[in-house]
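Summary of the model geometry
The lines below spell out each chain.
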Amino acid sequence: MFDLPLEPDAIPPPGQAAGVAPLDLGRLTESARDFAESLFARMPALADYAGLAPGADGGHVELVVSLPTWPESSVTAPLRIDTEFDEVTVTFDAMHKHFQWPPYEGYEDDLLNPVVLIWCILTERVVAGSLWRGDALVAARFLYRVPDGQLIDALESTLVMAAGDAAAIPLSRHIRSWYGSHNEETAAEGLDDLGQPPD
């Protein structure tokens, strides 16, 4: 479905995330090591941003890939990939998604494969969409940009936060992309303004 080589300038200059130990794949669980090998085989430049961090359970280490953001992207959180709890989590801007590894059979070249999602974020085929009431996050989705520019809910999953008592504050829709070239902020009425469901 997707051809996965990255454009040469898709990633900012290397820099290691704070609190991350140098990369030693032998210290990862089998599943995390398999994911790391698959990720770095498809996108070798990401290894420059990878390291190990203590797992939340204290019994193992996790892979952490943290990419610095382009200033123009204006994201609330940079692209971060980790393997905590033996699952893959991809975070970008206000959205994150958990994946099993390896991907479900038949979805190796689909957005349900985190390697494909990461590549699509880095090439701006997938953007992060979010709804806000003032400074409060209401909902977020990963959105796939189809050739005509329409945004489609990429993974049929939405992170929904409590709207609180701020219903009088108008909603705004934020779209954030890797380079910032598709960024926009517009007024919104509700969740339907956050991309169309897939066909």
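Right above here is the structure, for reference.
Summarised in this report is the structure supplied together with it. Being a predicted model, the structure only gives us computed values, none of them experimental. (Residues numbered from 1 in each chain as written. Predicted model: local features only at pLDDT ≥ 70, side-chain atom pairs only at ≥ 80, totals over all residues. Heavy atoms only, no water.)

Observations regarding the pairing of strand S7 (residues 136-145)
- The element S7 is extensively covered by neighbouring structure, given that eight of its 10 residues are classed as buried.
- Pairing between strand S6 (residues 126-133) and S7: eight bridges, direction antiparallel. Bridging across to S7, Trp132 finds its partner in Leu137.
- Hairpin connection between S6 and S7: a loop of two residues separates the two successive antiparallel strands, and Gly134 in this loop has a positive phi of roughly 65°.
- In terms of strand pairing, S7 meets strand S8 (residues 151-153) through three bridges, oriented antiparallel. In the strand pairing of S8, Arg145 is matched with Leu151.
- The hairpin formed by S7 and S8 contains five residues between the paired strands, and Gly149 there has a positive phi angle of roughly 95°. (Buried < 20%, exposed > 50% of the residue type's maximum accessible area, 1.4 Å probe, protein only. Helix = DSSP H or I, 4+ residues; strand = E, 2+ residues; numbered from the N terminus. Pairing = 2+ DSSP bridges.)

Overview of the nonpolar core
- Of all hydrophobic cores here, the largest spans 43 residues; its most connected members are Val65 and Ile118.
- Elements with a minimum of two residues in this core: helix H1 (30-42), strand S1 (50-54), strand S2 (61-66), strand S4 (88-92), strand S5 (95-99), helix H2 (114-122), S6 and S7.
- If one sorts the elements of this core by residue count, H2 sits on top with eight residues.
- If we ignore the near neighbours within four places in the chain, the residues touching Ile118 are Phe35, Leu39, Met43, Leu46, Leu79, Ile81 and Val90. (Core = buried A, V, L, I, M, F, W, Y, C linked by side-chain atoms within 4.5 Å. Contact = heavy atoms within 4.5 Å.)

Some remarks on H1
- Taking 1.5 Å per residue as the helical rise, H1 with its 13 residues ought to reach 18 Å, and the 18 Å between its terminal C-alpha atoms agrees with that figure.
- Summarising the contacts, the buried residues of H1 are in contact with S1, S2, strand S3 (80-82), S4 and H2. (Expected span 1.5 Å × (residues − 1).)

Some points on the pattern of salt bridges
- Under the definition given, this model contains five salt bridges.
- A salt bridge links Arg80 to Asp82; its shortest N-O distance comes to 2.6 Å.
- For Arg80, a relative accessible area of 32% corresponds to the partly exposed category.
- Classification of Asp82 as buried rests on a relative accessible area of 7%.
- One salt bridge in this structure joins Glu185 and Arg176, with 2.4 Å as the shortest N-O distance.
- Judged by its relative accessible area of 51%, Glu185 falls in the exposed class. (Salt bridge = Lys/Arg side-chain N within 4 Å of Asp/Glu carboxyl O.)

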